[in-house]
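# Coordinate analysis (summary)
Okay, here's what each chain looks like letter by letter:
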Amino acid sequence: MSSIAFRPKGPLDATLREPADLVARGLAPAASLVDLENVAARYAVAVTPDIAALIDTSDPDDPIARQFIPNAEELRARPGEDADPIGDHAHAPVDGIVHRYPDRVLFKLVHVCAVYCRFCFRREMVGPGKASALSPTAYRGALDYIRAHPDIWEVILTGGDPLMLSPRRLAEIMADLAAIDHVRIIRIHTRVPVADPARVSAEMVAALRVKGATTWVALHANHARELTDNARAACARMIDAGIPMVSQSVLLRGVNDDAVTLEALMRAFVECRIKPYYLHHGDLAPGTSHLRTSLARGQQLMQDLRGRVSGLCQPDYVLDIPGGHGKAPVGPNYLSPADSFSETGSFAEKGEPVPESRYRVVDYCGGVHLYPPKS
């Protein structure tokens with residue numbers, strides 16, 4: 001196929017990419033311009049018109065601004081932070097592929113996004129000055145790798161943001177993947193429905209549907225305000241076309257690290273017919289410590305959420321273990337051993353009674369119960 005480099009057009013032409021433009025629009029204070037320029041020299045900056053319109057310039061702690069407007073804290077690296085915090089490189093057998101789990105791979109097609117999050121775990125790999133997309137040779141090599149590994153059931157398109165590709169090119173890629181017999185699921189990770197909802201056109205939606213594989217879309221959003229009427233309509237265009245959606249969010253200090261805000265976000269997802277999937281603990285990307293919470297805080301919030309909202313609204317709270325060891329669920333533990341007892345519990349295959357341990361189970365109100373209950 002031809003080169004798969006992205007071609008931004010339409011509303012993206014007005015995207016704010018320079019600190020001076022952010023200051024001119026009132027999205028950052030003039031006094032911080034030099035600091036912002038220093039940040040922008042290292043990490044990509046892009047704020048689309050749709051995101052800029054969400055920022056409350058009268059609020060110095062606006063949760064949307066904290067996600068997208070550069071901050072001098074980004075130049076202060078902390079011990080343990082790493083340019084590849086989740087270990088992509090350790091599991092990259094060929095360019096563009098990360099094969100961390102047996103049945104699925106990440107396929108990193110492009111290295112550009114509609115907006116650049118200030119907490120991005122791939123911030124050292126995306127944006128201006130980096131390769132914008134896989135070369136045709138690397139693309140073919142990645143497809144060959146997927147073909148040669150029949151255990152690969154799911155291909156996850158990521159980057160960068162795959163929806164920065166044109167619909168025509170995306171349709172080509174979807175068809176190439178669906179033609180591989182053992183690839184049954186193609187999942188697309190994107191922020192575009194929130195950052196530039198007009199880009200999710202009828203043509204784009206048609207490109208996402210392909211014979212021979214099932215498409216899923218995972219939407220990244222961290223605050224309910226991001227799910228504007230236009231964003232909801234963009235998601236509805238995909239869902240109405242038969243494309244199921246899940247969410248992924250990052251737990252961020254000053255953005256969504258309170259129960260009320262998380263509740264509103266998860267309910268907003270479900271109202272949009274998007275199933276909450278992952279709530280990520282912040283990765284150890286360089287210069288992101290000001291946005292990370294503690295694991296203990298995350299666990300408490302998940303416990304609070306359990307008592308506040310429907311099971312439909314419950315994401316998995318997960319940590320990507322540094323070094324490339326994959327995701328681990330790190331939510332609160334509601335189960336702990338109680339005293340063992342000798343009453344008859346379950347039965348072995350031959351019918352003999354076996355002793356069963358008793359556990360303490362904590363309900364969403366904090367009450368403690370024994371399971372099995374005492375007879």
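Here, the structure is the one placed above.
Residues numbered from 1 in each chain as written. Predicted model: local features only at pLDDT ≥ 70, side-chain atom pairs only at ≥ 80, totals over all residues. Heavy atoms only, no water.

### Some remarks on the packing of helix H5 (residues 136-147) against helix H6 (residues 167-178)
Where H5 meets H6, the closest approach of the two axes is 10 Å, and the angle between their N-to-C directions is 30°. Regarding the angle of H5 to H6, the classification is roughly parallel. H5 and H6 meet at a crossing whose hand is right-handed. Touching Tyr139, Leu143 and Ile146 of H5 are Glu172, Ile173, Asp176 and Leu177, all from H6. A class-by-class count of the residues in the contact of H5 with H6 yields five nonpolar, no polar and two charged. (Axes fitted to C-alpha atoms, helices over the stretch in contact; angles between N-to-C directions. Helix = DSSP H or I, 4+ residues; strand = E, 2+ residues; numbered from the N terminus. Parallel < 35°, antiparallel > 145°, perpendicular 65-115°, else oblique. Left-handed = near helix turned anticlockwise from the far one by under 90°. Contact = heavy atoms within 4.5 Å. Nonpolar A, V, L, I, M, F, W, Y, C, P; charged D, E, K, R; others polar.)

### Considerations on the sheet that holds strand E1 (residues 97-101)
Spatially, E1-E2-E3-E4-E5-E6-E7-E8-E9 is the arrangement adopted by the nine strands of the open sheet, whose pairing is mixed. A strand with exactly one partner marks an edge of an open sheet, and here the two such strands are E1 and strand E9 (327-329). The average angle at which neighbouring strand axes cross in this sheet is 30°, direction not considered. Examined bridge by bridge, strand E5 (residues 214-220) and strand E6 (residues 245-250) share four bridges and lie parallel to one another. Bridge pairing in E6 links Ala218 to Val246. (Pairing = 2+ DSSP bridges.)

### Concerning the packing of aromatic side chains
Under the counting rule described, the total for this entry stands at two aromatic pairs. Ring geometry for Phe107 versus Tyr139: centroids 5.8 Å apart, planes at 20°, classification stacked. A residue pair is termed long-range when its members are at least 10 positions apart, and Phe107 in strand E2 (residues 104-108) and Tyr139 in helix H5 qualify at 32 residues. Phe107 sits in the buried class, given a relative accessible area of 0%. Overall, the relative accessible area of 2% leaves Tyr139 in the buried class. (Phe/Tyr/Trp six-rings, centres within 6.5 Å; stacked < 30°, edge-to-face > 60°. Buried < 20%, exposed > 50% of the residue type's maximum accessible area, 1.4 Å probe, protein only.)

### So, unusual backbone geometry
Following Gly159, the chain continues to Gly160 via a peptide bond in cis, the omega torsion being 20°. Mapped onto the fold, Gly160 is located in the loop between strand E3 (154-158) and H6. A positive phi angle, close to 70°, is found at Arg273, a residue other than glycine. Within the secondary structure, Arg273 is located in the loop between helix H10 (259-271) and strand E7 (274-280).

### Section: the sheet that holds strand E10 (residues 335-337)
Within the open sheet, the three strands sit side by side as E10-E13-E14. Their pairing is antiparallel. What marks the edges here is a single partner per strand, and that holds for E10 and strand E14 (368-371). The mean angle between the axes of side-by-side strands here comes to 30°, regardless of whether they run parallel or antiparallel. With three bridges connecting them, E10 and strand E13 (residues 359-362) associate as antiparallel partners. The residue of E13 that forms the bridge with Pro337 is Tyr359.

### Considerations on the pairing of E7
Extensive coverage of E7 is indicated by the burial of five of its seven residues. With H10 bridging E6 and the parallel E7, this β-α-β connection has right-handed handedness. Two strands pair when backbone bridges link them, and E7 and strand E8 (residues 316-320) are joined in this way by three bridges, in the parallel orientation. Counterpart to Leu279 in the pairing with E8 is Tyr317. The parallel pair E7 and E8, bridged by helix H11 (residues 295-308), forms a crossover whose chirality is right-handed. (Right-handed = clockwise from strand over helix to strand, strands pointing away.)

### Observations regarding the layout of surface pockets
Here the largest pocket defines a volume of roughly 880 Å³. Taken together, 40 residues form the lining of the largest pocket, with Phe121, Arg122, Thr158, His189 and Gln248 sitting closest to its centre. Counting only elements with at least two residues in the lining of the largest pocket, the list comes to E1, E2, E3, strand E4 (185-190), E6 and E7. Class assignment of the residues belonging to the lining of the largest pocket gives a composition of 19 nonpolar, 11 polar and 10 charged. If you add up the space inside the second largest pocket, you get close to 390 Å³. In terms of lining, the second largest pocket is formed by 22 residues, of which the most central are Leu27, Pro29, Pro60, Ala65 and Ile69. (1 Å grid on protein atoms, 1.4 Å probe; cavity = no way out; pocket = protein on both sides within 12 Å on 5 of 7 lines; lining within 4 Å. Points joined across faces, edges and corners; volume = space filled by probe spheres on them.)

### What to know about the side chain of Ser289
By secondary structure assignment, the location of Ser289 is in the loop between E7 and H11. Classification of Ser289 as buried rests on a relative accessible area of 15%. Setting aside residues up to four positions removed in sequence, Ser289 forms contacts with Arg78, Glu81 and Arg253.

### Overview of the state of the cysteines
Within the structure shown, the criterion is met by zero disulfides. Lacking any disulfide linkage, Cys117 is separated from the closest cysteine sulfur, that of Cys120, by 6.5 Å. The class of Cys117 is buried, set by a relative accessible area of 11%. In this structure Cys272 is a free cysteine whose sulfur lies 5.9 Å from that of Cys235, the closest cysteine sulfur available. On the basis of relative accessible area, Cys272 is assigned to the buried category, the value being 8%. (Disulfide = S-S within 2.5 Å.)

### Here's the deal with the nonpolar core
Formed by 96 residues in total, the largest nonpolar core has its most connected members in Ile51, Phe107, Ile146, Val155, Leu157, Leu170 and Leu177. The contact partners of Leu177, leaving out residues within four places of it in the chain, are Phe107, Leu143, Ile146, Val155, Leu157, Val183 and Ile186. (Core = buried A, V, L, I, M, F, W, Y, C linked by side-chain atoms within 4.5 Å.)

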